[in-house]
Amino acid sequence: MTAPANSAPRPRRFLPSGPLKGTIRVPGDKSISHRSIMLGALAVGETRVTGLLEGEDVLATAAAMRAMGATVERTGEGEWSVSGVGVGALLQPQAPLDMGNSGTSTRLLMGLIASHAISATFIGDASLSKRPMGRVIEPLSQMGAAFEASEGGRLPLTLRGANPAVPIEYRLPVASAQVKSAVLLAGLNTPGITTVIEPVPTRDHSERMLRGFGAELEVETDSAGVRTIRIRGEAELKPQTIEVPGDPSSAAFFIVAALIVPGSELVIQNVGLNPTRAGLVEVLRQMGGDITELNAREVGGEPVADLLVRHSALKGIAVDPEIAPSMIDEFPVLFVAAALAEGTTVTTGLDELRVKESDRLTAMAEALALAGATVVETEDGLTITGTGGEALRGGGPVVTHLDHRIAMSMAVAGLVSRDGVEVDDTRPIATSFPQFESLLDGLRG
Ligand code: S3P
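Owing to the predicted nature of the structure, the values given are computational and were not obtained by experimental measurement. (Residues numbered from 1 in each chain as written. Predicted model: local features only at pLDDT ≥ 70, side-chain atom pairs only at ≥ 80, totals over all residues. Heavy atoms only, no water.)

Student: When you look at the overall build of the protein chain in this model, what are you seeing that I'm missing?
Tutor: Within the protein chain, the regular secondary structure consists of twelve helices and 22 strands. With respect to the principal axes defined by its C-alpha atoms, the protein chain has extents near 60 × 45 × 45 Å. The buried share among the 445 residues of the protein chain stands at 58%. Here the analysis covers contacts within the protein chain between residues at least 6 apart in sequence; of these, 76% occur between residues at least 24 apart. Counting only carbon and sulfur atoms, one obtains 50% of the accessible surface of the protein chain, whose full area is about 15800 Å². (Helix = DSSP H or I, 4+ residues; strand = E, 2+ residues; numbered from the N terminus. Buried < 20%, exposed > 50% of the residue type's maximum accessible area, 1.4 Å probe, protein only. Contact = heavy atoms within 4.5 Å. Areas by Shrake-Rupley, 256 points an atom, 1.4 Å probe, with all protein chains shown as cover.)

Student: Where do I start with the packing of helix H2 (residues 56-67) against helix H3 (residues 103-114) in this structure?
Tutor: Each pair of packed helices gets described by two things: the angle between the helix axes and the distance between those axes. Interaxial distance between H2 and H3 falls to 10 Å at its minimum, and their mutual angle equals 25°. Relative to H3, H2 is oriented roughly parallel. Crossing handedness for the pair H2 and H3: right-handed. Of the residues in H3, those in contact with Asp57, Ala60, Thr61, Ala64 and Met65 of H2 are Ser105, Leu109 and Leu112. (Axes fitted to C-alpha atoms, helices over the stretch in contact; angles between N-to-C directions. Parallel < 35°, antiparallel > 145°, perpendicular 65-115°, else oblique. Left-handed = near helix turned anticlockwise from the far one by under 90°.)

Student: For this particular structure, what's the right way to read the domain arrangement of the protein chain?
Tutor: Note on interface size: it is often stated as the accessible area lost on association of the parts. Under the domain assignment used here, the protein chain contains domain 1 (12-28 + 245-443) and domain 2 (30-243). One C-alpha centre belongs to domain 1, the other to domain 2, and the line joining them spans 28 Å. Between domain 1 and domain 2, the residue contacts involve 28 residues of the former and 27 residues of the latter. Linking domain 1 with domain 2 are four salt bridges. A salt bridge links Arg208 to Glu302; the nearest nitrogen and oxygen atoms lie 4.0 Å apart. Joining domain 1 to domain 2, the criterion identifies 16 residue pairs in polar contact (both at pLDDT 80 or more). Every element with two or more residues in the side of domain 1 that touches domain 2 is listed here: strand S17 (302-310) and helix H11 (404-415). Grouping the constituent residues of the side of domain 1 that touches domain 2 by class yields eleven nonpolar, nine polar and eight charged. (Domains from an automatic or database assignment. Salt bridge = Lys/Arg side-chain N within 4 Å of Asp/Glu carboxyl O. Polar contact = N/O pair within 3.5 Å; in protein donor to acceptor, adjacent residues only side chain to side chain. Nonpolar A, V, L, I, M, F, W, Y, C, P; charged D, E, K, R; others polar.)

Student: Quick question: what am I supposed to make of the pattern of salt bridges here?
Tutor: Any two side chains of opposite charge can pair, given that their charged atoms come close. All chains considered together, the criterion is met by 34 salt bridges. Across the pair Arg203 and Asp329 runs a salt bridge, and its minimum N-O distance is 3.3 Å. Placement of Arg203 in the loop between strand S11 (193-198) and helix H6 (205-212) and of Asp329 in the loop between S17 and helix H9 (331-340) is noted, with a sequence separation of 126 residues between them. Neither Arg203 nor Asp329 differs from the other in exposure class; each is buried. Close ionic contact of Glu220 with Arg230 constitutes a salt bridge, the shortest N to O distance being 3.1 Å. With Glu220 in strand S12 (residues 217-221) and Arg230 in strand S13 (residues 227-232), this pair connects stretches of sequence that are ten residues apart. Overall, Glu220 belongs to the partly exposed group, its relative accessible area being 45%. Exposure remark for Arg230: the relative accessible area of 28% places this residue in the partly exposed category. In the salt-bridge network here, residues are joined through shared partners; they are Arg131, Arg203, Asp329, Glu357, Arg360, Asp403 and Arg405.

Student: Before we go on, may I ask you to explain the sheet that holds strand S14 (residues 241-243) in this structure?
Tutor: Whether parallel or antiparallel, the strands of a sheet pair through hydrogen bonds between backbone atoms. Read across the sheet, four strands follow the order S4-S5-S3-S14 without closing on themselves; strand pairing throughout is mixed. The open sheet has two edge strands with one neighbour each: strand S4 (71-76) and S14. The sheet shows a mean angle of 20° between the axes of neighbouring strands, direction not considered. Where S4 lies against strand S5 (residues 79-84), five bridges are found, and the strand directions are antiparallel. Counted as the bridge partner of Arg74 is Trp80 from S5. The strands touched by helix H1 (residues 30-40) are strand S3 (45-50), S4, S5 and S14; relative to S5, the strand with the most contacts, the crossing angle is about 35°. (Pairing = 2+ DSSP bridges.)

Student: I keep staring at the site of the ligand and nothing clicks. Help me out?
Tutor: Near the ligand the following residues occur: Ser31, Arg35, Thr104, Arg107, Ala175, Ser176, Ala177, Gln178, Arg203, Ile328, Asp329 and Lys356. Between Arg35 and the ligand, the recorded distance is 2.7 Å, taken from a side-chain N or O atom to an oxygen atom. A distance of 2.6 Å is found between an oxygen atom of the ligand and a side-chain nitrogen or oxygen belonging to Asp329. Coverage of the ligand by the protein amounts to 95% of the 390 Å² it exposes when considered alone. Its residues placed into classes, the shell around the ligand shows three nonpolar, four polar and five charged. Each of domain 1 (12-28 + 245-443) and domain 2 (30-243) contributes no fewer than three residues to the shell around the ligand. (Near = heavy atom within 4 Å.)

Student: Just checking my understanding: could you explain the sheet that holds strand S9 (residues 154-160) for this structure?
Tutor: A sheet is described by the order of its strands in space; here four strands give the open sequence S6-S7-S9-S8, paired in mixed fashion. Single-partner strands in this sheet number two, and they are strand S6 (97-98) and strand S8 (146-150). With four bridges connecting them, strand S7 (residues 119-123) and S9 associate as antiparallel partners. Bridged to Phe122 within S9 is Leu157.

Dropping the structure here:
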């Protein structure tokens, strides 16, 4: 997060709530918003974006693209105009790029810069400075980029791009859309064909959008589900008009809130339901969640629907680890649903949660336990025995560790607690969902 160093933490106690009723609309998808600005900045001419998420993470991307020569301007609420410089023509930034809390900005921009004849220094907040960058340094070094990173491959780091870069074939060692995207974006300005092999599918917004902007990109899926993605470099991107669909990862907090608060009946409009992102809805339905898709349609080339969510008696399940990549950001709030379900929910295969904005397994285990839930932390997951719908005791303050999703998840837990849940700092929420608290407060009436 980019809050000034001297801004004080903003604690808040999230109190028990009556039924959540009404209709809300969630803000634009964070992944698609980042990519709209980056690709717009590489297309010659004006890209117009509506529904852009105006959270701190996306604003960090906008500032970085400006520092490298693009014109990025806000023209109205969620309405932005991006005039790009062309692939290969990014300018040398004159100061370090401050990525705030944003791993997506950092890793995708490292990819873009890796095949340009410029260098850049990346800095970020305390959370981002702990996150591993080796996963992108490795393939981008193979392509010819040079790195001087802090210990353990972390920020601050300086990257010197290679021009021309070398096309590679890279098999992803971790299921990560950020690593995949970094290599594909580097491939945009690399002669020849850059190939990424993805054994486990992750969000495919980069592939869809690169094609939409006119890059030559092919995806082949074999019988085992392994995806091979090839992009032809020295691409020429054409400016686009983009409508960003609502973020399923932001909708997630209200989906779970409506399921666990008795008497709730909530319509959440404009929820992106790309199959590589929709795992949470599937898992909640397996737990007995009553979620109906209304008005299914396409927005910006992505499947979207309004979701009608009714309070439901949830049951614990064993969550199939194969579904994890399609709901990787939604586990913190799934753990809250599990804490209110009847019986035990077991999650496994979630090592990646330890390297998000915080170690989300430890952070959620500690926060939920403090609020009175029964949680066991294992090496790669949490096992949670729920209350069967009884309110949690509540308490706190729970520690958010500069992680927006821990703050919002525990705010949701507070809605079904006796004493409320105190969150130590709500400032990080602005990285991805600045309207979260006002939407929630509006629903409580
Ligand atoms: C993202 C990919 C995911 C996700 C992050 C956004 C993206 O990260 O957690 O919030 O936009 O590509 P990983 O690639 O680390 O899984």
